[in-house]
Amino acid sequence: MAPAFPAHKARLISMAFEKDFHPKTTVKKDRVSFTENIREYCLNTTIHGLKYVGTVSLTLWERIYFFLTFIVVTTCAIYFISNVYLKWQSSPIIIGLNPIATNIKDIPFPAVTICNMNQVRREAADRIEAHTLEQTVLQAICSIDGDINVTQYEGKWSAVKQLLLSATQPCSRLLKACRYAKQAEKCTEIFQSVLTDEGLCCTFNTLDATFMFRGTDALNIFPPEAGPDEGRFHPILWTPEGGFAERPTNRTYPRVIPGPGVAMGLAMVLDANVSDYYCSSTSSTGFKIIFHSPSETPKITDYAQYIPVGSESRIIITPKINDAASQIRKVSQEVRQCVFANEANLSYYSVYSRNNCELECEAKLILENCGCVLYFLPKLYEDTKICSRANARCYEQIRNSIAFTANTSLTCSCLPGCFEISYVPDLTTAELHVGQFGIRETMLGDVKDEKYAKENLALVYVFVKDTYFRSFTKGELVGFTDFLSNVGGLLGLFLGFSIISLVEVIYFVTLRPYCARRQQRSFGVKPEVQFVGRSSDMGYDFSGTQRGITNSGTVTELTAKLKNIAHSRLRQAGDWIHSTFRLRKNQHGLEPPNRATTIYPFYD
């Protein structure tokens, strides 16, 4: 039978119901507050420690204790994360040995550039008349100070080029015999003339001009010395980053390294023709030799090695390969300290290298400050004025300022390429003897004059001794995945933070208030918020006042239930043990058989 309530009690219940659920009177008054939303977040979040802050059953001092602890732990986490971030930003690059070795057949043989220390032949210099344009150009090439008739000096590249071709020792006279990979070669076919800071030199295994320079009409290109088999070798493109554009063969250049050992390298007989010396770049006679990448123009004056006349030299080459992982492309150039090919922006050279960039930069600075360009530097225009000795003070000051690293006003900040190859030589020299005894070297078979050989000739072997080389690879020291793992580990260690914790924050900031407002507008009732220590059974008693089970009542009632359950189970266990002992006594005749026994199973 349903209980009967007094009329005034029923009216109070009806009034309370209307008060709680009428939408027109409760939408603004019973809205979920910001404090309640924060407290609900603290009680339900997966971040450690916040649930103690939102638990209303704890005292104020306990909640302050956990709040201060949370602030301290969060500060420590931020400090350690900032250290990880600074390491990620300051040193994200590490250089290590590539675990995969590079075969010598995958890299080109070094470009070998040889210059006679004599820059102008005496025979050509004696033909030049005084106070002429040719004499002015001669003084500029040989760096000889004297009376310069500036009015007659036109500063045209065509005049300098003509003198270089007529006054410099050609490659056909510099190179007497050549052999490569056990096969005798005509020197003029495998060597070509190249303009350097030492004048006109001869280079082997360099890129063709169509691939080296941006314009096929580059001013520094010299025509090859004609031969009957001209065009026998086919030029192909090679870059340090992209490698060979097509598969190299015995008839293509740049050539690959055919194999280790002196027999598989380059051998050549050089003739200095010392009797024809007019002006030398050094205080001795002989040759300058340098080994460089096929895609760059070398700097002979500063970095070349000497090959004296009357000597036999063996030069062991060790390739030094630098490459980079694709992951560091997103790192700025200032941090990774290298340039990728697609980031280079040279005006004269097609292939980027540090040497090529520095040559262009030096030419630009001298042109801007002196109004002219040194004859061996890149020239973009035919009418660019070539510097004479009258401009020596200006361009020497600019070159010294560039070389002086502490100077900040004039500098060429050219970074190395991320993909580069260089060649480290190891040179040994012995005295050359010709005609005294039988020798195995066939390239010296035609040389009969021992005195001439000691004063003019040099025999040079260039080769590698290993089949595989390991490259130095630039990679990520702390990548984004590593940084994220470190940050996640620190947040998990200090706060128990995870991606789900971030989702919870977004939910309670955006979606939770929105859903609460929609529910309130639809049903006119305030969404119920659950708190630890407070009953969810909220309502009104018969007198119209809000009722609920208090914290102390809930705890007392729960304690009483647990006490009753424990007491009942203990009684059952005791009765079971007591009955078991009585049963054993009956079996042994120690208990009267007519006494009643009751057994309570333990699992009841």
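Look above for the structure.
Okay, so let's go over this structure.

The rules we used
- Residues numbered from 1 in each chain as written.
- Predicted model: local features only at pLDDT ≥ 70, side-chain atom pairs only at ≥ 80, totals over all residues.
- Heavy atoms only, no water.
- Helix = DSSP H or I, 4+ residues; strand = E, 2+ residues; numbered from the N terminus.
- Buried < 20%, exposed > 50% of the residue type's maximum accessible area, 1.4 Å probe, protein only.
- Contact = heavy atoms within 4.5 Å.
- Areas by Shrake-Rupley, 256 points an atom, 1.4 Å probe, with all protein chains shown as cover.
- Salt bridge = Lys/Arg side-chain N within 4 Å of Asp/Glu carboxyl O.
- Axes fitted to C-alpha atoms, helices over the stretch in contact; angles between N-to-C directions.
- Parallel < 35°, antiparallel > 145°, perpendicular 65-115°, else oblique.
- Left-handed = near helix turned anticlockwise from the far one by under 90°.
- Nonpolar A, V, L, I, M, F, W, Y, C, P; charged D, E, K, R; others polar.

### Things to note about the overall build of the chain
Along the backbone of the chain there are 19 helices and 23 strands. Within the chain, buried positions represent 41% of all 604 residues. A sequence separation of at least 24 residues applies to 74% of the contacts in the chain between residues at least 6 apart. Surface accessibility of the chain: about 34,800 Å² in total, with carbon and sulfur atoms responsible for 56%.

### Some words on the pattern of salt bridges
Scanning the entire structure with this criterion turns up twelve salt bridges. Between arginine 121 and glutamate 123 there is a salt bridge whose closest N-O contact spans 3.2 Å. Take arginine 121: its relative accessible area is 9%, and that puts it in the buried class. Note that glutamate 476 is salt-bridged to lysine 330, the shortest N-O span being 2.8 Å. You can see glutamate 476 sitting in strand β21 (residues 472-476) and its partner lysine 330 sitting in the loop between β17 (311-324) and α13 (333-336), a full 146 residues away along the chain. For glutamate 476, a relative accessible area of 30% corresponds to the partly exposed category. Overall, lysine 330 belongs to the exposed group, its relative accessible area being 60%. Beyond isolated ion pairs, a larger network of salt bridges with shared partners links Arg121, Glu123, Arg127 and Asp276.

### A closer look at the packing of helix α5 (residues 60-90) against helix α17 (residues 480-494)
Any two packed helices are characterised by how steeply their axes cross, that is the angle between the axes, and by the distance between the axes. Two elements in contact, α5 and α17, have axes separated by 9 Å at closest approach and are oriented at 165°. What the angle tells us is that α5 and α17 run roughly antiparallel. Between α5 and α17 lies a crossing whose hand is right-handed. In this structure, α5 contributes Val73, Cys76, Ala77, Phe80, Ile81, Val84, Tyr85 and Trp88 to the contact, and α17 contributes Phe480, Phe483, Asn486, Val487, Leu490, Leu491 and Phe494. Taken together, the residues of the contact of α5 with α17 sort by class into 14 nonpolar, one polar and no charged.

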